[in-house]
Amino acid sequence: MVAEINDEQLAAAWQTGDARAGMALMGRYMRSIDRYFYTRLGAHEVEDLRQEVLTRVSASITGYRHQASFRTYLYRIAHRTLCDHLRYQSSGRGRRDMATCMLEEFHLVVDPADRALPDLIAALRSLDAEERALFELRHIEGLSYEEIAAVTGADCATATLRARVHEIMKRLRRKLTYPDDAASQR
C-alpha cells in the first residue's frame, strides 16, 4: 500500500505527525543517501551521517513547503550535512580532511573487478570537491540539473551547470583514455 503513495503524499502525512509515513519515505532513499556519503568518506562514517540526516529531516519536516521534490529536499539536507562534516574535519577538530576521502570504496557503484578502477579513482581524485559533487549527483545519484542546483545552492543557470558537468566528463574521459583506445578510435 505504501508503494502506491508518492513521496509528496508521504511527506504531507509525516508533516501531520504520521511517523510511519516518515519511516516509509526515508526508507525509499536511505540506500542512495548511504551511497552519497560512502563514495566520499568511506563506510566508517556513513551511519553517523545517515543518523544526522534523519535527525535534521525529522526536525525540519514541518517546514518542508513542497516547492521542490522531497528527493531534492532530502539531498539538500544530505549535502549540507556532508559540507558541515567536511568543514569540521578540515578545521583540525575532525579525524580526516577532504583530501583523504575514501574513493577506493567507490566499488558500490563501479565493478571492483574492473581493471580501470584505480585509474577511475585517480581521475576522480583530480577533481576538486565541488566538481566531484556535481559529477556524483548527476551521474551516480541521477539528479536532474534543476535538482543539483537546488541541492548545492548553485546560483547559476541550469545550462551553466550542464556545461560544467559536461566539461568535468570531458576531463575525466581524457584521463581515462588509454593509448590503445585512442589508436582504435582512429
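Scope of this entry: the structure provided in the associated data block. (Residues numbered from 1 in each chain as written. Predicted model: local features only at pLDDT ≥ 70, side-chain atom pairs only at ≥ 80, totals over all residues. Heavy atoms only, no water.)

### Observations concerning the pattern of salt bridges
Per the counting criterion, the structure on display carries nine salt bridges. The salt bridge involving Asp-7 is made with Arg-28; its shortest N-O contact spans 2.7 Å. Taken together, the residues Asp-7 in helix α1 (residues 7-15) and Arg-28 in helix α2 (residues 19-41) connect sequence positions 21 residues apart. Here Lys-170 ties to Glu-167 by a salt bridge, and the two come within 3.2 Å at their closest N and O atoms. With Lys-170 and Glu-167 both in helix α8 (residues 158-176) and three residues apart, this pair spans about one turn of that helix. Assessed through its relative accessible area of 37%, Glu-167 is described here as partly exposed. Beyond isolated ion pairs, a larger network of salt bridges with shared partners links Glu-52, Arg-56 and Asp-84. (Salt bridge = Lys/Arg side-chain N within 4 Å of Asp/Glu carboxyl O. Helix = DSSP H or I, 4+ residues; strand = E, 2+ residues; numbered from the N terminus. Buried < 20%, exposed > 50% of the residue type's maximum accessible area, 1.4 Å probe, protein only.)

### Section: the packing of helix α7 (residues 145-152) against α8
Helix-helix packing: each pair is described by the crossing angle between the helix axes and the interaxial distance. With their axes 9 Å apart at the nearest point, α7 and α8 run at an angle of 95° to one another. As the angle between them shows, α7 and α8 are arranged roughly perpendicular. Residue-level contacts link Tyr-145, Glu-146, Ile-148 and Ala-149 of α7 to Thr-158, Leu-161, Arg-162 and Val-165 of α8. Tallied by class, the residues present in the contact of α7 with α8 amount to five nonpolar, one polar and two charged. (Axes fitted to C-alpha atoms, helices over the stretch in contact; angles between N-to-C directions. Parallel < 35°, antiparallel > 145°, perpendicular 65-115°, else oblique. Contact = heavy atoms within 4.5 Å. Nonpolar A, V, L, I, M, F, W, Y, C, P; charged D, E, K, R; others polar.)

### Notes on the layout of surface pockets
Over the atoms rolls a probe the size of a water molecule, and in doing so it shows where empty space is left. In this structure, the second largest pocket spans a volume of roughly 260 Å³. Forming the boundary of the second largest pocket are 13 residues, of which Tyr-64, Arg-65, Ala-68, Tyr-73 and Arg-76 lie nearest the centre. Top element by residues in the lining of the second largest pocket is helix α4 (residues 70-90). It accounts for five residues. Of the residues assigned to the lining of the second largest pocket, the class counts are five nonpolar, five polar and three charged. (1 Å grid on protein atoms, 1.4 Å probe; cavity = no way out; pocket = protein on both sides within 12 Å on 5 of 7 lines; lining within 4 Å. Points joined across faces, edges and corners; volume = space filled by probe spheres on them.)

### A short note on the packing of helix α6 (residues 129-139) against α8
Contact geometry for α6 and α8: axes closest at 10 Å, N-to-C directions at 100°. Judged by the angle between their axes, α6 and α8 are roughly perpendicular. Taken together, the residues of α8 that come into contact with α6 (itself represented by Glu-130, Glu-131, Leu-134, Phe-135, Arg-138 and His-139) are Leu-161, Arg-164, Val-165, Ile-168, Met-169, Arg-171 and Leu-172. A per-class count over the contact of α6 with α8 returns seven nonpolar, one polar and five charged.

### Observations regarding the side chain of Thr-72
Structurally, Thr-72 can be placed in helix α4. For Thr-72, a relative accessible area of 5% translates into the label buried. A distance of 2.9 Å separates a polar atom in the side chain of Thr-72 from a polar atom in the side chain of Ser-69. Among the polar contacts made by the side chain of Thr-72, one reaches the side chain of Glu-147 at a distance of 3.4 Å. Filtering out sequence-adjacent residues up to four positions away, Thr-72 remains in contact with Glu-147, Ala-150 and Val-151. (Polar contact = N/O pair within 3.5 Å; in protein donor to acceptor, adjacent residues only side chain to side chain.)

### Examining the nonpolar core
Grouped together as the largest cluster of nonpolar side chains are 45 residues, with contacts concentrated most on Ile-33, Phe-37, Val-57, Phe-70, Leu-74 and Leu-172. Those elements that provide at least two residues to this core are α1, α2, α3 (43-60), α4, α5 (117-125), α6, α7 and α8. Leaving out residues up to four positions away in the same chain, Leu-74 has contacts with Met-26, Tyr-29, Ile-33, Val-53 and Val-57. (Core = buried A, V, L, I, M, F, W, Y, C linked by side-chain atoms within 4.5 Å.)

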